[in-house]
Amino acid sequence: GAVVSQHPSRVICKSGTSVKIECRSLDFQATTMFWYRQFPKQSLMLMATSNEGSKATYEQGVEKDKFLINHASLTLSTLTVTSAHPEDSSFYICSARDQVRGLSEAFFGQGTRLTVV
Amino acid sequence: DQQVKQNSPSLSVQEGRISILNCDYTNSMFDYFLWYKKYPAEGPTFLISISSIKDKNEDGRFTVFLNKSAKHLSLHIVPSQPGDSAVYFCAASVANSGYALNFGKGTSLLVTP
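So, how was this worked out
- Sequence order as written defines residue numbering, which begins from 1 separately in each chain.
- Just so you know, chain letters begin at A and ligand numbers begin at 1, following the order they were written in.
- Owing to the predicted nature of the model, reporting of local features is limited to residues with pLDDT of at least 70; listing and counting of side-chain atom pairs is limited to 80 or more, with chain, interface and lining totals taken over all residues.
- Where side-chain values are given, they derive from all heavy atoms of the structure, hydrogens and water being excluded.
- Salt bridges are identified by distance alone: a Lys or Arg side-chain nitrogen within 4 Å of an Asp or Glu carboxyl oxygen.
- Helix numbering and strand numbering both begin at the N terminus, where a helix is a DSSP run of H or I of at least 4 residues and a strand a DSSP run of E of at least 2.
- The definition used for a disulfide is geometric: two cysteine sulfur atoms within 2.5 Å.
- Residue exposure (1.4 Å probe, protein chains only): buried if accessible area is under 20% of the type maximum, exposed if over 50%, otherwise partly exposed.
- Exposure above 30% relative accessible area and the lack of any salt bridge qualify a residue for a patch; like charges then connect within 9 Å, and the nonpolar side chains Val, Leu, Ile, Met, Phe, Trp and Tyr within 5 Å.
- Per-residue and other accessible areas follow the Shrake-Rupley method at a 1.4 Å probe size, with only the shown protein chains counted as cover for residues.

### Regarding the pattern of salt bridges
Side chains that differ in sign of charge can pair as their charged atoms come close. Residues and elements named next belong to chain A. Inspection of the entire model under this criterion finds 4 salt bridges over all chains. Here Asp-88 makes a salt bridge to Lys-66, at a shortest N to O gap of 2.9 Å. Of the two residues, Asp-88 is situated in the loop between strand S8 (76–81) and strand S9 (90–97) and Lys-66 in the loop between strand S6 (57–58) and strand S7 (67–73); the sequence distance between them amounts to 22 residues.

### A closer look at the state of the cysteines
Enumeration according to the criterion identifies 2 disulfides over all chains in this entry. Two residues, Cys23(A) and Cys94(A), share a disulfide whose sulfurs are 2.0 Å apart. Residues Cys23(A) and Cys94(A) share a disulfide whose torsion about the S-S bond is about 85 degrees; that sign makes it right-handed. Of this pair, Cys23(A) sits in strand S3 (residues 19–25) while Cys94(A) sits in strand S9, and the two are 71 residues apart along the sequence. In this structure, Cys23(A) and Cys94(A) share a single accessibility class: buried. A sulfur-sulfur separation of 2.0 Å characterises the disulfide bridge that pairs Cys23(B) with Cys90(B). Residues Cys23(B) and Cys90(B) share a disulfide whose torsion about the S-S bond is about -75 degrees; that sign makes it left-handed. Remark: Cys90(B) occurs in strand S9 (residues 86–93) and Cys23(B) occurs in strand S3 (residues 19–25); sequence separation between them is 67 residues. Judged on exposure class, the residue Cys23(B) and its partner Cys90(B) are both buried.

### Describing a nonpolar patch on the surface
Where nonpolar side chains cluster on the molecular surface, the patch consists of Ile18(B), Ile20(B) and Val78(B) and spans about 230 Å² of accessible area. Along the chain, Ile18(B) falls in the loop between strand S2 (10–14) and S3.

Okay, here's the thing in structure tokens:
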């Protein structure tokens, strides 16, 4: 099946610094990728839809200046958490669909555990 | 506003028996439904899906049933195996929204030997 790779899997950063998370589709091209966030014992909440070559679409309540998304190629989307604070500590997950093959299911990356100290 | 609800946070089933995980949704625009399996600190793994034009889809030990009138779907695992122990997420999407997924809160399944 399609593979989505996310890096890093775990990162600890100091408050006020920025962290970049990469999401790659390894064996297919994805014009659209999705970024989710999961708090402990909560569901995965969609943060934004990343569109290749254009601006990301953010869900209500998600600060676009804080969570910068770049989708510069058909296989790579990045999420940068800027000026991170402890409340940004969470599990971030990206997903992508193999739109060329027309598969409807989304494949997920391994997730990134962000801890801001 | 939670549009996809999994009201059972946990379920314990004996090995060999049937596991039934339930999911309800409120948005009648949803036309595609998926089940994912997730281990801690990992991304979800796709299990099975169903389109709103069907009421049943089967893949090996996994069967998903959809009752559109009740806005309810369920995942049946039979026979259940200890390796099935994980958190199961129900998700729903609208095709013309680009398939962004709305997730339930998950049900933690424990299959005991």
